[in-house]
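Listed below are the residues making up each chain.
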Amino acid sequence: MRNVNLSGTIANFGQIDRARTTGENERNDAFTIRFLNISMDRKGEDGYTKHETIKVLANGFLAERLSKFAPMEKVYLSGKLEKEDDYVTEDR
């Protein structure tokens, strides 16, 4: 895995939260999925800056922090990058 730094805005779709309030000696199994709109620093065919949407999955304490951001808020994330397949076919 590689470290990555991302900055962008929280997308207004695809939000999934599972929060769990933890007590003492209790495991925190919260998770959050958010989509970030990232500027790719290059122009598309239409002459405007190109944007891509990236799915971000956070667990535990970071999930609780990420779930507090509202859509269209600017965020800066730093962490490990890991590729995930969104679907599985019979061929792979």
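Computed from a predicted model, the values in this text were never measured in an experiment.

(A) Examining the nonpolar core more closely. Counting ten residues, the largest nonpolar core is built from Leu6, Ile10, Ala30, Leu36, Ile38, Val56, Ala58, Ala63, Leu66 and Val75. Elements with a minimum of two residues in this core: β1 (2–10), β3 (31–43), β4 (49–59) and α1 (60–66).

(B) View of the confidence of the model for the chain. Here the chain averages 80 in pLDDT, while 79% of its residues score no lower than 70. Ranking the helices and strands of the chain by mean pLDDT puts β1 first, with 86, and strand β2 (residues 16–18) last, with 80.

(C) Focus on the side chain of Thr32. Locating Thr32 in the fold gives a position in strand β3. There is a polar contact of 2.9 Å between the side chain of Thr32 and the backbone oxygen of Ala63. When neighbours within four sequence positions are excluded, Thr32 is seen to be in contact with Ile16, Asp17, Val56, Leu57, Ala58, Ala63, Leu66 and Ser67.

Quick notes on the rules
- All residue numbers refer to positions counted from 1 along the written sequence of the respective chain.
- Where totals are concerned, whole chains, interfaces and linings use all residues; where local detail is concerned, this predicted model gives features only for residues with pLDDT of at least 70, and gives and counts side-chain atom pairs only at 80 or more.
- Note: side-chain values were computed over all heavy atoms of the structure, leaving out hydrogens and water.
- Nine residue types can take part in a nonpolar core, namely buried Ala, Val, Leu, Ile, Met, Phe, Trp, Tyr and Cys, and a core is a set of them joined through side-chain atoms within 4.5 Å.
- Partly exposed describes any residue whose relative accessible area lies between the buried limit of under 20% and the exposed limit of over 50%, with all areas from a 1.4 Å probe on protein chains only and scaled to the type maximum.
- Comment: elements are numbered from the N terminus, with helices defined as DSSP H or I runs of at least four residues and strands as E runs of at least two.
- One confidence number per residue, pLDDT, is output by the predictor and ranges from 0 to 100.
- We call two N or O atoms a polar contact when they sit within 3.5 Å, provided that within protein one can donate a hydrogen and the other can accept it, with sequence-adjacent residues counted only if both atoms are side-chain atoms.
- The contact criterion used throughout is that any non-hydrogen atoms of two residues lie within 4.5 Å.

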